[in-house]
Amino acid sequence: MKKQIMLWFVWLMVPGVYAQSGKPVQGHQTPMMGWASWNHFRVHISEQIIRAQTDALVASGMKAAGYTFINIDDGFYGGRDGNGAIKSHPVRFPAGMGALAAYIHSKGLKAGTYSDAGINTCGSYWDKDSIGVGMGLYGHERQDLELMLKQWGFDFIKVDWCGGEWLGLDEQTRYTEIGRLVHAIKPAALYNVCRWKFPGKWVVNVANSWRVSGDISERFDAIATIIDLNAGLWPYCGPGHVNDMDMLQVGRGMSYEEDKTHFSMWCMLNSPLLAGNDLTKMSKETLGILTNKDMIAINQDPLVYQARRLRDDGDQEVWARPLRHTMSGEIAVALFNRAKEKVEIRFQPDSLGIEAGKGYTMRDVWSKKAYARSTRKEQSFEVPAHGVVVLRIKGTSIPYNVFQYK
């Protein structure tokens, strides 16, 4: 009985769960996985492009690996009709968005769409896609959401902030209003707040995910910056509600080791995994990274405990998170090297909540190497430049370990 009481207390201390008490979790409890159009195509999307990416996601084995969403970002708008209803772009999407969502569903996948909290979308200005003028939710909230989520049948909506910022709207009030409508119209729909920074504690009970940074780019320094921005936000991550580090840039120009690091840290920190590359022209290396089942299992662990930076030696860092529950004796550890040369990174299992003296095993998630049971107080690994080593460690949890307290 004492053990049951202690485990119940520990569960209440899990980040995010306490913050969300009293509010039912909507939609997926683990981070979303899928593909999104923006990184590679921006507003230059079409019905043919989206269908081709959908087919490639299935044929490549990504669907089997857990990628289930096809998210159509800005660029599909075609103005409004005389009643104010959104029209699909007549040239790019002649069959209409409802037919495209149905095609995605026919492949056993879910479909995502895009809007803005204000009057105009981001692409209407930054990408000179003038047809995005007037396409935002402002003044058409229920009409647009009913159309997108019910009539067209989309399962997810990302709501941007360009138009909201241009109008000087209050973000908490605006995003809360939109969130209530989304979940009233389609309770199972997922809702993303794209404010380009952590909006504040209020967002945990409003959205399923929220961006913590500006738009990502295919550079290692940009990846490292986003990791830093999310490092202190772990208390706000929990089942059904996660910090969004933006779409993946894997396969879009960085080195193999940098891509592995990017994917690994997104998995460790519970970000949604939304591939942003052209799936029809994907290398075997890129596919191998995106479908690493052991990394995906960490990202999709049901505890949804975001990894914490438990050691920071400048360019060398040790990140860790518990798996299953905080006293399971199972943890994932990432040794992250920001330097431009390979280095050795050391860590002590005891500092990560594992009682070394009682023995533990380790498995390298990328090399697949399994290490014999050990009682060593310290371990060290060589980590490539801009690289990462990710380990799954099994042993005995230290009571009242680091993961149960801030």
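Criteria and cut-off values
- Residues numbered from 1 in each chain as written.
- Predicted model: local features only at pLDDT ≥ 70, side-chain atom pairs only at ≥ 80, totals over all residues.
- Heavy atoms only, no water.
- Pairing = 2+ DSSP bridges.
- Helix = DSSP H or I, 4+ residues; strand = E, 2+ residues; numbered from the N terminus.
- Axes fitted to C-alpha atoms, helices over the stretch in contact; angles between N-to-C directions.
- Patch = residues over 30% accessible without salt bridge, like charges linked within 9 Å, V, L, I, M, F, W, Y side chains within 5 Å.
- Areas by Shrake-Rupley, 256 points an atom, 1.4 Å probe, with all protein chains shown as cover.
- Salt bridge = Lys/Arg side-chain N within 4 Å of Asp/Glu carboxyl O.
- Disulfide = S-S within 2.5 Å.
- Buried < 20%, exposed > 50% of the residue type's maximum accessible area, 1.4 Å probe, protein only.

Engineer: Could you give me a rundown of the sheet that holds strand 2 (residues 69-71), with the residues and numbers involved?
Structural biologist: Taken together, the eight strands give an open sheet; going across it, the order is 9-8-7-6-5-2-1-10, and neighbouring strands pair in parallel fashion. With one partner strand each, in any of the chains shown, strand 9 (242-244) and strand 10 (273-275) form the two edges of the open sheet. Each adjacent strand pair in this sheet contributes to an overall mean axis angle of 25°, direction not counted. Across three bridges, strand 2 lies against strand 5 (residues 110-116) in parallel orientation.

Engineer: Break down a nonpolar patch on the surface for me, citing the residues and quoting the values.
Structural biologist: Residues Ile119, Tyr138 and Leu167 make up a contiguous nonpolar surface patch of roughly 250 Å² in combined accessible area. Tracing the sequence through the fold places Ile119 in the loop between strand 5 and helix 6 (123-126).

Engineer: Explain the state of the cysteines to me, and be specific about the residues and the numbers.
Structural biologist: As enumerated under the stated definition, the model contains one disulfide in all. At a sulfur-sulfur separation of 2.0 Å, the disulfide partner of Cys122 is Cys162. Disulfide Cys122-Cys162: torsion about the S-S bond near 100°, hence right-handed. Of the two residues, Cys122 is situated in the loop between strand 5 and helix 6 and Cys162 in helix 8 (residues 162-167); the sequence distance between them amounts to 40 residues. As far as the burial class goes, Cys122 and Cys162 line up, both buried.

Engineer: Please provide a residue-by-residue account of unusual backbone geometry, values included.
Structural biologist: Positive phi outside glycine occurs at Arg42, with the angle close to 50°. Summarising the element assignment, Arg42 is placed in the loop between helix 2 (38-41) and helix 3 (47-59). We classify Arg42 as partly exposed; its relative accessible area is 35%. A positive phi is found at Lys128, a non-glycine position, where the angle reads about 55°. Inspection of the secondary structure puts Lys128 in the loop between helix 6 and helix 7 (141-151).

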